[in-house]
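For reference, the chains in residue letters:
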Amino acid sequence: MSIVDWVIMIATLLGIVIYGVYKSRNKDAAAFIGADRQLPWHVVLLGIMATQASAITFISGPGQAFSDGMRFLQYYFGLPLAMIVIAAVFVPLYQRLKVRTAYEFLDERFDRPTRIFTGILFLLSRGISTGMSLYAPAIVLATIFHWNIYFIIVIITLFMLLYTYLGGAGAIAHTQKLQFVIILSAMALAAYFIIQLLPGDTPVRDALHIAGANNKLNMITTGFDWKDKYNIYSGIIGGFFLALSYFGTDNSQVGRYIGGKGVRESRLGLLMNGIVKIPMQFLILMIGILLFSFYSLTTTPLFFNEQAEHKVAQHFPEQYDRLSATHRQLAEQLKSRYAVLKDAGYDPGDVSVYREIRGLDSAQKANKNEFKKLIREHSSLIGASDDDTNFIFLHFVKRYLPVGTVGIIFCIIFLASWGSISAALHSLATSTLLDFHMQLKRQPYSDEQQLRWGRFYTLFWGLFSMVIAFFATRMKSLIEAVNELGSLFYGPILGIFLVAFFARRVKGRAVLAAGLVSEIVVLVVYWSDTVGFLWLNVIGSLCVVLTGLLFQVLFGKPSVLPDIKRLE
Amino acid sequence: MEHKNTERIRWKIWYVALLIWLIVMIICSFLFTLKWNVAL
């Protein structure tokens with residue numbers, strides 16, 4: 001990276017930190033925990049989006065489309081539906097009761113043990129996944145720049161902790177706003193350069209034809225398979241339950257929109273998120289599609305993690321030369337087929353050219369799999385994962401983008417990490433303080449004590465995430481690893497909230513037992529590896545609702561008091 | 001009371017609009033797949 005890129009990157013990052021610290025002045029505990037419920041809808045919206053979009057989203061998103069096509073988009077189809085339910089049902093209750101964490105609501109509706117049980121599930125899943133969100137960009141930066149991974153993890157955490165520790169919710173909301181605008185602008189810039197750099201003035205239309213010939217533009221896949229991760233059914237149903245759980249019950253998201261100035265601002269923020277999420281994800285995936293066509297028309301590297309490729313070449317020169325030669329040969333053959341397609345105006349009359357392209361593509365994949373096998377078999381020697389999805393976009397950025405833009409793109413990794421991790425740490429800290437620590441105290445804390453403890457827990461969870469990131473082992477695709485971990489806990493948590501909102505006669509003991517049983521069911525189903533991870537959310541939440549109702553009928557005492565009415 | 005009802009209707013319009021938006025997105029995705037993706 002050039003000096004100019006370094007200057008741009010460091011100046012932008014420092015600017016954000018200073019802005020965050022500046023916004024942290026004169027804060028009391030209420031502002032630290034809940035931003036005083038003063039945020040307008042557009043700040044709520046950007047907060048929600050920046051919290052969800054971690055560095056993984058921007059690193060892996062294009063790589064996911066490059067490797068697996070556009071079908072990942074279906075994962076977001078359930079999200080707008082979830083936004084409607086949350087805006088209509090969850091928000092009014094959260095705002096009316098003025099809860100400061102999502103789990104405080106469960107205390108009002110059920111009892112203390114249910115609040116604590118759900119809080120534990122949240123702290124467990126969010127604590128670990130925050131560590132993984134920290135590890136994911138760090139490993140990529142460490143590999144690309146040959147930096148020490150521990151150093152990167154410490155740098156990312158410390159600078160972000162500076163403003164999160166001082167300013168809490170308010171500082172997070174204001175920095176997220178800036179961060180997200182910079183991130184989106186930088187991604188748009190990257191897309192512009194990919195289009196400009198397509199060889200031989202290839203129009204976007206032709207680039208789409210090439211991607212389509214390789215089955216990459218499969219935005220809707222209708223074949224049903226329980227184990228298939230992304231199809232229209234798992235996207236709408238599983239995606240709905242996942243989004244409902246994540247946005248409706250995960251304190252890192254609830255904390256963003258309960259900071260809105262009343263029901264109207266919180267609702268608008270959520271509904272706008274439902275409108276912009278699918279188009280935004282489409283554009284991120286489209287960057288991957290354009291990259292696929294770019295590399296198809298130039299030279300696709302055998303492996304996008306260059307450091308790992310060099311090590312394989314160094315330790316296994318014979319195998320590497322053979323695999324590399326085969327890869328180049330197949331790439332040339334593919335290029336000649338694309339030329340045939342182009343000459344025929346992408347309407348070749350029969351499907352024989354497409355069949356040839358698919359055949360060559362499969363041969364290239366098989367060749368690459370052999371390379372990956374080498375990495376797997378000698379993992380301790382090579383010291384890298386056999387998955388290069390997360391390196392695809394950054395390989396292009398580092399190799400092909402002009403001076404100045406490289407710095408701003410690498411900036412995204414830090415900014416996106418800070419945006420999502422700061423919100424996660426803050427939500428973990430407020431939950432620990434309000435759902436656990438303060439419940440053990442007989443006398444209420446003063447404002448100053450709450451602020452001090454809130455900051456202490458922010459620091460604690462920051463250090464915890466760092467430790468998790470240090471211990472994180474190699475994973476498959478990072479984007480899926482984080483999503484899968486969430487799905488182990490999200491189902492039962494959502495189920496408990498659904499019972500709270502809709503099954504009015506079910507009481508605390510029944511729902512707590514149902515939550516425990518359902519968590520065990522989800523873990524068993526996960527280990528049996530019978531369904532794709534998105535379905536775990538559906539299974540977990542429905543299991544709580546059904547067993548909760550059953551337990552209430554079998555063991556519960558009849559009640560004349562419909563709890564939800566009392567709350568309303 | 002009247003104000004409350006107007007508010008309620010306004011939000012319902014929002015929900016229906018978002019639902020329609022989702023359906024449009026899914027239809028567009030489907031048409032995009034049909035036009036650009038080559039299924040063999």
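How each quantity is defined
Residues numbered from 1 in each chain as written. Chains lettered and ligands numbered in written order. Predicted model: local features only at pLDDT ≥ 70, side-chain atom pairs only at ≥ 80, totals over all residues. Heavy atoms only, no water. Helix = DSSP H or I, 4+ residues; strand = E, 2+ residues; numbered from the N terminus. Rg over C-alpha atoms; globule rule 2.2 N^0.38 Å. Buried < 20%, exposed > 50% of the residue type's maximum accessible area, 1.4 Å probe, protein only. Contact = heavy atoms within 4.5 Å. Areas by Shrake-Rupley, 256 points an atom, 1.4 Å probe, with all protein chains shown as cover. 1 Å grid on protein atoms, 1.4 Å probe; cavity = no way out; pocket = protein on both sides within 12 Å on 5 of 7 lines; lining within 4 Å. Points joined across faces, edges and corners; volume = space filled by probe spheres on them. Nonpolar A, V, L, I, M, F, W, Y, C, P; charged D, E, K, R; others polar. Patch = residues over 30% accessible without salt bridge, like charges linked within 9 Å, V, L, I, M, F, W, Y side chains within 5 Å. Salt bridge = Lys/Arg side-chain N within 4 Å of Asp/Glu carboxyl O. Domains from an automatic or database assignment. Buried area = accessible area lost by both parts, 1.4 Å probe. Polar contact = N/O pair within 3.5 Å; in protein donor to acceptor, adjacent residues only side chain to side chain. Expected span 1.5 Å × (residues − 1). Axes fitted to C-alpha atoms, helices over the stretch in contact; angles between N-to-C directions. Parallel < 35°, antiparallel > 145°, perpendicular 65-115°, else oblique. Left-handed = near helix turned anticlockwise from the far one by under 90°. Core = buried A, V, L, I, M, F, W, Y, C linked by side-chain atoms within 4.5 Å. Lys, Arg positive; Asp, Glu negative; His and termini not counted. Charge placed at Lys NZ, Arg CZ, Asp CG, Glu CD.

Student: Mind laying out the overall build of chain A, listing which residues take part and the relevant values?
Tutor: Along chain A, the regular secondary structure elements total 23 helices and 0 strands. The C-alpha atoms of chain A give 25 Å as radius of gyration, which agrees with the globular expectation for 568 residues (24 Å, within 12%). Taking the principal axes of the C-alpha coordinates as reference, chain A spans close to 75 × 55 × 45 Å. Here chain A holds 568 residues, and the buried ones make up 62% of them. Contacts in chain A between residues far apart in sequence, at least 24 positions, make up 86% of those at least 6 positions apart. Total accessible area computed for chain A in this model is approximately 21600 Å², and 62% of it derives from carbon and sulfur atoms.

Student: Tell me what's going on with empty space enclosed by the protein, and back it up with residues and numbers.
Tutor: Regions of empty space are outlined by a rolling probe, equal in size to a water molecule, passed over the atoms. All names here are of chain A. Taken as a whole and judged by the stated rule, the model has 4 cavities of 30 Å³ or more. Volume-wise, the second largest cavity comes out at about 50 Å³. If you go around the second largest cavity, you meet 11 residues; those closest to its centre are Leu-39, Ala-169, Ala-173, Gly-255 and Arg-256. Mapped by element, the contributors of at least two residues to the lining of the second largest cavity are α3 (41-52), α8 (149-197) and α11 (251-257). Looking at the lining of the second largest cavity residue by residue, the class counts come to 6 nonpolar, 4 polar and 1 charged.

Student: For a nonpolar patch on the surface, give the residues involved together with the corresponding values.
Tutor: Taken together, the side chains of Leu-19, Ile-23, Ile-27, Phe-30, Leu-31 and Leu-34 of chain B define a hydrophobic patch exposed on the protein surface, amounting to about 570 Å² of accessible area. Relative to the helices and strands, Leu-31 of chain B is located in helix α1 (residues 2-36).

Student: Let's hear about the domain arrangement of chain A: which residues, and what values?
Tutor: All names here are of chain A. Taken domain by domain, chain A holds domain 1 (3-295 + 399-475) and domain 2 (306-384). Using only C-alpha atoms to locate each centre, domain 1 and domain 2 end up separated by 34 Å. Regarding the contact of domain 1 and domain 2, the summed buried area is about 1200 Å², with carbon and sulfur atoms giving 50% of it. Viewed at the interface, domain 2 and domain 1 are joined by 1 salt bridge. In this structure, Arg-399 and Glu-306 form a salt bridge, with 2.7 Å as the shortest nitrogen-oxygen distance. Inspection of the region where domain 1 meets domain 2 yields 4 residue pairs in polar contact (both at pLDDT 80 or more). Of the residues that constitute the side of domain 1 that touches domain 2, the class distribution is 2 nonpolar, 6 polar and 4 charged.

Student: Tell me what's going on with the interface of chain B and chain A, and back it up with residues and numbers.
Tutor: It is common to give the size of an interface as the accessible area that goes away when the parts come together. Listed as interface residues are 17 residues of chain B and, on the opposing side, 36 residues of chain A. For the chain B face of the interface with chain A, the top three residues by lost area are Tyr-15, Trp-36 and Leu-40 of chain B, together amounting to 26%. The tally of links between chain B and chain A comes to 0 salt bridges. Remark: the boundary between chain B and chain A carries 8 residue pairs in polar contact (both at pLDDT 80 or more). Looking at the side of chain B that touches chain A, its residues break down into 14 nonpolar, 3 polar and no charged.

Student: Could you give me a rundown of helix α7 (residues 112-145) of chain A, with the residues and numbers involved?
Tutor: Residue and element names in this part refer to chain A. Helix length check: α7 (34 residues) gives 49 Å between terminal C-alpha atoms against 50 Å at 1.5 Å per residue, within 8%. For α7, a buried count of 27 out of 34 residues is recorded, marking the element as mostly surrounded by other parts of the structure. At the exit of α7 stands His-146, carrying a positive phi of roughly 55°.

Student: Would you mind going over the side chain of Gln-179 of chain A in detail, with residue names and values included?
Tutor: Residues and elements named next belong to chain A. As for its placement among the helices and strands, Gln-179 is situated in helix α8. Gln-179 gets classed as buried once you look at its relative accessible area, which sits at 0%. Here the side chain of Gln-179 touches Tyr-163 through a polar contact of 3.1 Å, side chain to side chain.

Student: Mind laying out the packing of α8 of chain A against helix α17 (residues 392-400) of chain A, listing which residues take part and the relevant values?
Tutor: The packing of two helices is summarised by the inter-axis angle and the distance between the axes. Residue and element names in this part refer to chain A. At a closest axis distance of 12 Å, the pairing of α8 and α17 adopts a crossing angle of 70°. In terms of their interaxial angle, α8 and α17 are classed as roughly perpendicular. As for how α8 packs across α17, the hand of that crossing is left-handed. In contact with Met-187, Ala-190, Ile-194 and Leu-197 of α8, α17 contributes Phe-393, Phe-396 and Tyr-400. Among the residues making up the contact of α8 with α17, the classes are represented as 7 nonpolar, no polar and no charged.

Student: Got a sec to walk through the nonpolar core? Specific residues and values, please.
Tutor: All names here are of chain A. Within the largest apolar cluster, 188 residues are counted, with the highest numbers of intra-cluster contacts made by Tyr-94, Tyr-257 and Phe-410. When residues of this core are assigned to their parent elements, the largest contribution, 19 residues, is made by helix α18 (residues 405-440). Both of domain 1 (3-295 + 399-475) and domain 2 (306-384) provide at least three residues apiece to this core.

Student: Help me get a handle on a positive patch on the surface, residues and values and all.
Tutor: On the surface, Arg-96 of chain A together with Lys-4, Arg-8 and Lys-12 of chain B cluster together to form a positively charged patch. At 3 residues, α1 of chain B tops the list of elements feeding residues into the positive patch. Among the structural elements, Arg-96 of chain A can be located in helix α5 (residues 79-97).

Student: Outline the packing of helix α21 (residues 508-528) of chain A against helix α22 (residues 534-555) of chain A, listing residues and values.
Tutor: All names here are of chain A. Packing of α21 against α22 leaves a shortest axis separation of 8 Å and a crossing angle of 145°. Between α21 and α22 lies a crossing whose hand is right-handed. Where α21 approaches α22, its residues Ala-510, Val-511, Ala-513, Ala-514, Gly-515, Val-517, Ser-518, Val-521, Val-522, Val-525 and Tyr-526 are matched on the opposing element by Leu-536, Ile-539, Gly-540, Cys-543, Val-544, Thr-547, Gly-548, Phe-551 and Gln-552. Residues belonging to the contact of α21 with α22 are distributed by class as follows: 14 nonpolar, 6 polar and no charged.

Student: Which residues make up the pattern of salt bridges, and what are the values?
Tutor: Residues and elements named next belong to chain A. Going through the model one piece at a time under the given rule, you end up with 16 salt bridges over all chains. Where Arg-126 meets Asp-250, a salt bridge forms, and the shortest distance between an N and an O atom there is 2.8 Å. Of this pair, Arg-126 sits in helix α7 while Asp-250 sits in the loop between α10 (232-249) and α11, and the two are 124 residues apart along the sequence. The same class applies to Arg-126 as to Asp-250, namely buried. One salt bridge connects Arg-452 with Glu-448, and the closest N-O pair in it is separated by 3.8 Å. Note that Arg-452 and Glu-448 are positioned in helix α19 (residues 447-471) at a spacing of 4 residues, about one turn of the helix. Residue class for Glu-448 comes out exposed when judged on its relative accessible area of 56%. Through salt bridges with shared partners, a single network forms among Asp-107, Arg-112, Arg-115 and Asp-435.

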